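Chain by chain, the residues run as shown.
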Amino acid sequence: MNPREEKVSIITEESTANDEDAEVGRREKSSKVQRQQRKKQPPRADSEEMVTGKAQPGQEEPEMHLLSMPARRGPRSLPPIPSMSRTGFAEFSMRERLREKLQAARSKAESALLQEIPTPRPRRLRSPSEKELETEFGPEPCKESQATSHRNDSQSYSRVKFHDAVQKIKSKPQAPPGFPSAEEAYNFFTFSFDPEPEEPTVKARAKNRDGTHQEEEGEEESPAGGMNKMVLNVIARAGTPQKDEEELLGSQDAKDFLLGLDPAPDEFVVVRPAEYEGTHTWLEKEKELLFFPSRRAVPTWKKLPENVQPRFLEDEGLYTGARPEVARAQQNVVENRLLRQEPERKWFGDDGRILALPSPIKPFSSRPRPLAQEPSAQAGLETHYKKAVKYVHRTQHVVGSADPPGSFQLDIDISGLIFTHHPCFSREHVLAAKLAQLYDQYLARHQRSKAKFLTDKLQALRNAVQTGLYPEKPHQSLDATQKTIKEYKSEIRETRKLRDAEQEKDRTLLKTIVKVWKEMKSLREFQRFTNTPLKLVLRKEKVDQKADEEAYEAEIQAEISELMEEHTEEYEQRLGEYRASYQQWKAWKKAQQKAKKKKKKQAEEHPEGEAEEELYPGEEPVKPIPPELLDHAVLEQQARERAAHSRRRPGEPVLLPELSLTGSVTPDDQCPRAEVLRREDVKRRSVYLKVLFNSKEVSRTVSRQLGADFCVHFGQIFNLQIFNWPESLTLQVYETVGHSSTTLLAEVFLPIPETTTVTRRAPVEEVEFSSSQHVTLDHEGVGSGVPFSFEADGSNQLILMTSGRVSHSVAWATGDNGTPLIPPPSQQSLGFRSALKRADAISSIGTSGLTDMKKLAKWAAESKLDPNDPNNAPLMQLISIATSGESYVPDFFRLEQLQQEFNFVTSEELNRSKRFRLLCLRSQEVPEFRNYKQIPAYDREILEKVFQDYEKRLRDKSVIETKDHIDTHRAIVAKYLQQVRESVVNRFLIAKHHFLLSDLVVEEEVPNMSILGLSLFKLAEQKRPLRPRRKGRKKVTAQNLSDGDIKLLVNICRAYDIPVRKPPASKSQQPARSSRTFSDRHAASPGAHSPPHSPDTPLSQVSVRPFVEVSFQRTICHTTTAEGPNPSWNEELEFPFRAPNGDYSTASLQSVKDDVFINIFDEVLHDILEDDRERGSGIHTRIERHWLGCVKIPFSTIYSQARIDGTFKINTPPVLLGYSKERNVLLERGLDSVRSLSEGSYLTLFITIEPQLVPGESVREKTSDLLKKFDSQEDEKLLQATEKFQAECALKFPTRQCLTTVTDISGKTVFVTRYLKPLNPPEELLNVYPNNPQATAELVARYVSLIPFLPDTVSFAGICDLWSTSDQFLDLLAGDEEEHAVLLCDYFLFLGKKAWLVMGNAIPEGPTAYVLTWEQNHYLIWNPCSGHFYAQFDTFCPLKSVSCLIGPDNIWFNIQQYDSPLRINFDVTKPKLWKSFFSRSLPYPGLSSVQPEELIYQRTDKAAAAELQDRIEKMLKEKIMDWRPRHLTRWNRHCTSTLRHFLPLLERSQGEDVEDEHRAELQKQLGDYRFSGFPLHMPYSEVKPLIEAVYSTGVHNTDVPNVEFALAVYIHPYPKNVLSVWIYVASLIRNR
Amino acid sequence: MAAANPSVFLLMVNGQVESAQFPEYDDLYCKYCFVYGQDWAPTAGLEEGISQITSKSQDMRRALVWNFPIDVTFKSTNPYGWPQIVLSVYGPDVFGNDVVRGYGAVHVPFSPGRHKRTIPMFVPESTSTLQKFTSWFMGRRPEYTDPKVVAQGEGREVTRVRSQGFVTLLFNVVTKDMRKLGYDTGPADTQGIAGPSLPQGIPR
């Protein structure tokens, strides 16, 4: 392959690459350097070079390379390897030739140089910017474009120029030396590129120039240079496309030749001074080469061919279109450039401007504007008013048949109008009109000839009677004939009367006609002219006089006979009446006389009674007058008179009037002036009619002049194309007088034609109209509404109103094929109402029509219901049934008549379905089924027992069962409680479905300023890393839990003061701690009462080995055994928790009734080794455990408190046989001052649930929420005040609960102080210690504590806290702390103590209510549930915090810093410590109490109590035997009876001060037994807790073989069925 | 065995919470849970789930894609209380607090097959403008006490909500034994009915 070609291609590649990333990486640097160097090199050099290169490839091009390339080499260090490898193959062979050529060139240059030297050019110094401009922007693109144009068309201007230059150079050898242009060119090529600073390198290069030549070519990579190169090469190739192959070798040769000359310039450079080309020459050269198109406008003549005037097509009227917007200057530039390049001027149009297509950009968007003529955009958006189209109309077409709409046509033919009165009527006209009217009447009557008809009828009837009286056919029954004859006769009578009336009318009419005609005639004569052509002719018809007379006479006779008959009938009837009444009268008369006689007698006897009798004499009947028989002659007279009056006399001719218009009207000129005026006035008047369809004018007639006869003939037919069913059709009569006014005379309402009347068959009808206008005229016209008279004297006045008749006909048009163009039945509707009418039969014929089948059928026929329309099928069927007679009208009304169709089973079947029942019950939230899951899909899978509980409950609602309760009263109470609970639950369920926003949406409260301020302070607060903060445990919502997830953790820490064992033989009579008197307890003086220590208490001996057993939900765990009376266990016990029914919802958990029993036992080891000899080899002991006491904590407390932490008093039995409260001497010293304040043993516990359960809403919160939902009877103001008070309190001390209102048992909100009121305790309690108020108080407290405790959370599962009044509480015999506290407080108030209710927190109850009393000098805190009381400063007081006090008339909220009763002041009068609810601003309004006036106590039936006692004892014994299934249970009767005796003692002393005697007694009686046992004391509620309690003591858990048991129960009854239960359980082991 | 005479029917739902359109918010995640009646019990799969946090796509759609799978199987005896999926979407507000961006619920489709559901989401509104401001400022917007509220009708009348965006869900539903228990939910089930028979009149 040809190396040169290859090189070219490589360069092209490289240069293109260079173009793209000219400033990347290494090349960036090098290119900068190159540029600097090239700046010295004139840009045109390239172009020159390019041209020359092309023109003379053999000579100049290589030379240029030689000169320029080394200059660029300097900073570059490209490895020469690639070039070396390339040059290698042909270079050496060519070297010789090249050298020769170079020699020649050198000599040439030498001679040129010699000429040049004398004028050394100054060094070029140009500003870099200028250079930059030239090298980079100006010349190069220009060059490029030139170059491309070279390539494309050889005629380009520059090309020509270059050709010239080439030619110059070519011709140089021929030209003599010194020719400036040639010389210059030569200089340019030889010297201008000589860079001085690079001389040494150039020299160095020169030596291996042959080798580097190609490399230099390759290295010419600067952006501009590269570009040039590329262009050059392209030109080279494009310029010689055909001879490429042939000339390649030649050019190669030339190049080689040139290369060979390389060393020559070296020598020149050395000797010459620096070359410099002056700016001037530079610019000149530039000017020669570069072209800057001018910005000035090009004169038009330049752009046009010679001698051609520009023509402007636009001026000639041709469309040119808008030229695109181009800046003028730019246009000029382009024009100049084009002129320079293209001499042909083909770019210019006739007008001397550049040809341009009209601007393709449309001024507007192509979307057609809505309204082209309106430029504003809003025009298209404007709304146009369109009248609403009647909906009915449209639907009619939809509903209607396929008839094209609008084809219905109503033809109204208005033929004419006749005035029966008009203001312009003359008097004669009035008469004429009257005459005409009468005549019309006459004609009508004549036509009907009613009189004749009646006469005929009469005749017929008479004949009938005649035949009836003398029947020819006797087969008819006589009765029937009589009856018919009677009927006939009465009919004859009626008909005769009618006929007479008719005949009379006929006659009067005739008379009137004649009279009017006569009047008219006289008027005509009087006024001497005639206005009307009316003429009446009376025709006489001769009659046969004789026949007439006969007929007349016969008629009269018949009439008379009939009348006679009538009269006799009447007479007889009256006679009968008379007789009857006469009899009556007679009877009355007699009675009267008798009465009179009586009266007389009476009057003699009792004169005063007379008046009374006479007061009611009774109606005195008038004595009847006998009727008179009418005379025949009189009757005849009457008949004849009547006949003469009404009938034509016999022989009189029949008069037949005939009215004709044949009379002549007097012409105008013969009339008087007034008449002429009238006639003229009439002529001026014209009349037209407007036709109104549905009260819209649709057309009007032409205006017609009023004729002299006051008739107007229109004869116009209006075809109304209608859409709507005609509702009204009106004609309006207008009259125009002259040209002036048009007055509405009258409106005529035309009837809507029947659907059967079609055009040709319609009769012309006349409709009368009249107007109420008043017109007075100044001529002969009589006017209208104005009185006038015919008489000369003006008497007998008449007032006539304008009136007239319109003759018209209205009919439906017929179509082409004869079909009437009547709207179909569907359209026969009068608007909306009538559309309804069609659709709804009821609205059409009324509801009564539904029962009246005939009406319905009639309606159906009228409305032309299509019987084939399926819509009408039921109706049609109904009608057909109704009309066919077998009518079935149901006598009931069914509301949802299709309901049965939708029942897929019968209701009985549905009710039988167990599944359905289950679903129903569940949806009703019946407790048993509320959470029933997965109701089976089939009935058969539902077990019957599912319902058993529910049904049982329903059954038991009324039945009181005593099985569980033993005591009937308790059973009733339990039942009642159950009912209350249910009702409350129901209320709650309703309230639960009533949501507040806070129930659904959690939203932050708007923080107030104080909180904001606090939080801001917190931001500024120092961080205290050394003060750790307790992190709350993660709380778990209870929903997703299941069995086993929840654990109850009980941590038993330690115990204090556990009773210690007493050696059985010990006789020391140590009083128990509990034996202190009341006074010691609060006024503690420890030293005085510290018991004498028994000297025999051995310190070394193990006094007690207690351990704790905790049982929860029948899971039992126990700790290890510790030693001593103050043991420390520190053990954690874990219990699994199971929620009832696996329901872990909050409500369910709150209602868990399970308790945690914590029992403390003493572990006693008994050596039971039988044989002392074995003692050395073995230990044989038995472990016994002795119950010491227990603590019971309900789960609900743990759940609501989340944790329970504290020291609790252990419930120890009052008597613990074998144990005593031994005291460690050492301890006594140090702690006695504190400890001795209280008696009993204590246990420190920590209980919690793991994981922590969200305690639901605490009862309080829930209550407050619910309170809003429950209603109240309190004053609204008070309620608002409570809310305010609570809010204020909550703000200050959010943890302290403030109680102002509570919910009573009926669910209403009650202000809390209403509960506090002095109430009387039972009398017998007061009588026990009449002189000791403290003892009485204790007794009362004990009584209250004996009422069983039942927390509200348990009874009203998580619903709310209900407060029952004290009487309700005593009736229920169950309640929680509040009820106990209220009752106790009320009792104390009764006893005259100052007492308050304390709301606060206690252990273990949590939020609770205590009672505070003020004794002489100190406060006492009473626990109402246990009956215990504590001094204010008692450390073991379970009340831990006090939040508010409630008195009978006020509430005080604790606003002290502390709330522990030890640290607060109970003086409520100090407003700084206690915030009171009622204050000066809100005084106590004197609220009435909700408590009863007095409590009434019934004595409890002792016998019942005794019975209950026996039953409990028996039951417990059975239970103990049950609990010992593997052992024999023996009962020690002797011991039992001893215990039984002992228990009442305990009750009496309330468990105090009896132990020692008891012990002594037991010792005496059961000396040889080892005895362990204790009495339990409980309030009685049910049997179950008793059993639980006995079980928890574990007495039965001994498996000593010869153990015996003793169990005694004692029930002490208190008033109101409050029972105190004592159970003594003991186990005995005989000592050997 | 029991297959012949089933006492429960099964509803298997799988699919995914595909994507969401919340034009104003970014970096959201969603929680889903199922609410169903008392006769329903989940037998397999997860009833609840929390997705990853997703950011908006960069393209025009601006979709928030989770593609969070749902797979759960229920058994039931009663179509009453048919499961509903409750979605709640959370994301950071301008202060970076995690606030709720939408609640929505839809019944699981009744008929077997593949169903796509787009649920409009909403959030409860603050009760007052001041509340609105403070809740915005504190980053504690009003929320439902329990997202399951949106699946029930009771008590909704006390709330006011604003709509927020859309979440698209895909369900594939398979049922078993529903037909045997007498519930026909399928779309024109061809089971038991032969395919469209050939026209009879054509002579062969």
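What counts, and at which threshold
- Residues numbered from 1 in each chain as written.
- Chains lettered and ligands numbered in written order.
- Predicted model: local features only at pLDDT ≥ 70, side-chain atom pairs only at ≥ 80, totals over all residues.
- Heavy atoms only, no water.
- Helix = DSSP H or I, 4+ residues; strand = E, 2+ residues; numbered from the N terminus.
- Buried < 20%, exposed > 50% of the residue type's maximum accessible area, 1.4 Å probe, protein only.
- Contact = heavy atoms within 4.5 Å.
- Areas by Shrake-Rupley, 256 points an atom, 1.4 Å probe, with all protein chains shown as cover.
- pLDDT = per-residue confidence, 0-100.
- Phe/Tyr/Trp six-rings, centres within 6.5 Å; stacked < 30°, edge-to-face > 60°.
- Buried area = accessible area lost by both parts, 1.4 Å probe.
- Salt bridge = Lys/Arg side-chain N within 4 Å of Asp/Glu carboxyl O.
- Polar contact = N/O pair within 3.5 Å; in protein donor to acceptor, adjacent residues only side chain to side chain.
- Nonpolar A, V, L, I, M, F, W, Y, C, P; charged D, E, K, R; others polar.
- Pairing = 2+ DSSP bridges.
- Axes fitted to C-alpha atoms, helices over the stretch in contact; angles between N-to-C directions.
- Core = buried A, V, L, I, M, F, W, Y, C linked by side-chain atoms within 4.5 Å.
- Patch = residues over 30% accessible without salt bridge, like charges linked within 9 Å, V, L, I, M, F, W, Y side chains within 5 Å.
- Lys, Arg positive; Asp, Glu negative; His and termini not counted.
- Charge placed at Lys NZ, Arg CZ, Asp CG, Glu CD.

Trainee: Before we move on, can you summarise the overall build of chain B with the specific residues and values?
Mentor: What chain B contains, in helices and strands, is one helix and ten strands. Element order for chain B, N to C, with α for helix and β for strand: β-β-β-β-β-β-β-β-α-β-β. Within chain B, the fraction of its 204 residues that count as buried is 44%. Looking at chain B alone, contacts between residues at least 24 apart form 75% of all its contacts between residues at least 6 apart. Total accessible area on chain B is roughly 10,800 Å²; 56% of this is exposed by carbon and sulfur atoms.

Trainee: Please provide a residue-by-residue account of the side chain of A:Ser699, values included.
Mentor: All names here are of chain A. Structurally, serine 699 is set in strand S5 (residues 696-700). Residue class for serine 699 comes out buried when judged on its relative accessible area of 17%. Those residues in contact with serine 699 that lie beyond four places of it in its chain are Leu689, Lys690, Val691 and Phe718.

Trainee: Give a description of the confidence of the model for chain B that names residues and reports values.
Mentor: Residues and elements named next belong to chain B. The share of residues in chain B with pLDDT of 70 or more is 89%, and the mean pLDDT across the chain is 85. For the stretch residues 189-204, pLDDT sits under 50, and the model shows four contacts to residues farther than four places along the chain or on other chains. Two numbers describe this predicted complex: its pTM, 0.45, and its ipTM, 0.81.

Trainee: Just give me the short version of the packing of aromatic side chains, but keep the residues and values in it.
Mentor: Residues and elements named next belong to chain A. Taken as a whole and assessed by the stated rule, the structure comprises 44 aromatic pairs over all chains. Ring geometry for phenylalanine 1311 versus phenylalanine 1477: centroids 5.2 Å apart, planes at 40°, classification tilted. Within this pair, whereas phenylalanine 1311 is found in strand S28 (residues 1309-1311), its partner phenylalanine 1477 is found in the loop between strand S36 (1474-1476) and helix H52 (1502-1523), the two being separated by 166 residues in sequence. We note that phenylalanine 1311, like phenylalanine 1477, is buried.

Trainee: Let's hear about the interface of chain A and chain B: which residues, and what values?
Mentor: Between chain A and chain B, the residue contacts involve 28 residues of the former and 37 residues of the latter. Note on chain A versus chain B: buried area summed over both sides is about 2,600 Å², and carbon and sulfur give 51% of it. Of all residues in chain A, the largest losses of buried area upon contact with chain B belong to A:Gln934, A:Leu1000 and A:Glu1004, amounting jointly to 26% of the total for that side. Linking chain A with chain B are one salt bridge, by the criterion used here. Between B:Asp39 and A:Arg922 there is a salt bridge whose closest N-O contact spans 2.7 Å. On inspection of chain A and its partner chain B, the count reaches eleven residue pairs in polar contact (both at pLDDT 80 or more). Looking at the side of chain A that touches chain B, the element that brings in the most residues is helix H38 (residues 997-1000) of chain A, giving four residues. By residue class, the composition of the side of chain A that touches chain B is 14 nonpolar, four polar and ten charged. Of the pairings in the sheet, the one linking strand S14 (residues 1001-1002) of chain A to strand S9 (residues 143-144) of chain B comprises two bridges and is antiparallel in character. Following the sheet pairing, A:Val1002 is matched in S9(B) by B:Glu143.

Trainee: Before we move on, could you go through the sheet that holds strand S40 (residues 1618-1630) of chain A and cite the residues and values that matter?
Mentor: Residue and element names in this part refer to chain A. The strand order S37-S39-S40-S38 describes an open sheet built from four strands, whose pairing is mixed. Each end of this open sheet is capped by a strand with a single partner; those strands are strand S37 (1530-1531) and strand S38 (1569-1579). As defined by bridge partners, S37 adjoins strand S39 (residues 1603-1614) across two bridges and the pair is classed as parallel. Within S39, the position partnered with tryptophan 1531 by the bridge is phenylalanine 1605. In the packing of helix H55 (residues 1583-1593) onto the sheet, contacts are made with S38 and S40, and the angle to S38 comes to roughly 150°.

Trainee: Describe the nonpolar core, and please don't skip the residues or the numbers.
Mentor: Residue and element names in this part refer to chain A. If you look at the biggest cluster of nonpolar residues, it comprises 73 residues, and the most contacted ones within it are Leu1048, Ile1052, Ile1158 and Leu1243. Setting aside its immediate chain neighbours within four residues, leucine 1048 contacts Phe1112, Leu1133, Glu1134, Phe1135, Val1156, Phe1195, Ile1198, Ile1247, Thr1248 and Ile1249. Tyr1315, Ile1347, Ala1395 and Ile1455 belong to the second-largest nonpolar core, a separate cluster that totals 55 residues.

Trainee: Which residues make up a positive patch on the surface, and what are the values?
Mentor: Taken together, the side chains of A:Lys586, A:Lys590, A:Lys594, A:Lys597 and A:Lys598 make up a positively charged region of the molecular surface. What makes A:Lys594 exposed here is its relative accessible area of 64%.

Trainee: Let's hear about the pattern of salt bridges: which residues, and what values?
Mentor: Residue and element names in this part refer to chain A. For the structure on display, the rule yields 35 salt bridges over all chains. In this structure, glutamate 555 engages arginine 499 in a salt bridge whose closest nitrogen and oxygen atoms are separated by 2.4 Å. Taken together, the positions of glutamate 555 in helix H24 (residues 545-605) and arginine 499 in helix H23 (residues 478-527) put the pair 56 residues apart, joining distant regions of the chain. Using a relative accessible area of 12% as the deciding quantity, one classes glutamate 555 as buried.

Trainee: Just give me the short version of the confidence of the model for chain A, but keep the residues and values in it.
Mentor: Residue and element names in this part refer to chain A. Looking at chain A, the pLDDT average stands at 69 and 62% of residues meet or exceed 70. Between residues 118-162, whose pLDDT stays under 50, and residues either more than four places distant or in other chains, the model counts 76 contacts. Every residue in residues 392-404 is under pLDDT 50, and counting partners more than four places away or in other chains gives 19 contacts.

Trainee: An account of the sheet that holds strand S29 (residues 1362-1363) of chain A is needed here, citing residue identities and associated values.
Mentor: Residues and elements named next belong to chain A. If you walk across this open sheet you meet the three strands as S28-S27-S29, and the pairing is mixed. Of all the strands in the sheet, the pair left with one neighbour each is S28 and S29. Strand direction decides the pairing type here: strand S27 (residues 1301-1304) and S29, joined by two bridges, are parallel. Paired with threonine 1303 across the bridge in S29 is leucine 1362.

Trainee: Explain unusual backbone geometry to me, using residue names and the numbers behind them.
Mentor: Most peptide bonds take the trans form, and the phi angle of most residues other than glycine is negative. All names here are of chain B. The phi angle at aspartate 27 is positive, at roughly 55°, despite the residue not being glycine. Note that aspartate 27 resides in the loop between strand S1 (9-21) and strand S2 (29-35). Located in the positive-phi region is arginine 62, a residue other than glycine, with phi close to 55°. Structurally, the position occupied by arginine 62 is in the loop between strand S4 (48-50) and strand S5 (64-76). Judged by its relative accessible area of 39%, arginine 62 falls in the partly exposed class.

Trainee: Provide a residue-level description of the side chain of A:Thr1313, including the pertinent values.
Mentor: Here A:Thr1313 lies in the loop between S28 and helix H47 (1323-1328). Its relative accessible area of 2% is what places A:Thr1313 among the buried residues.

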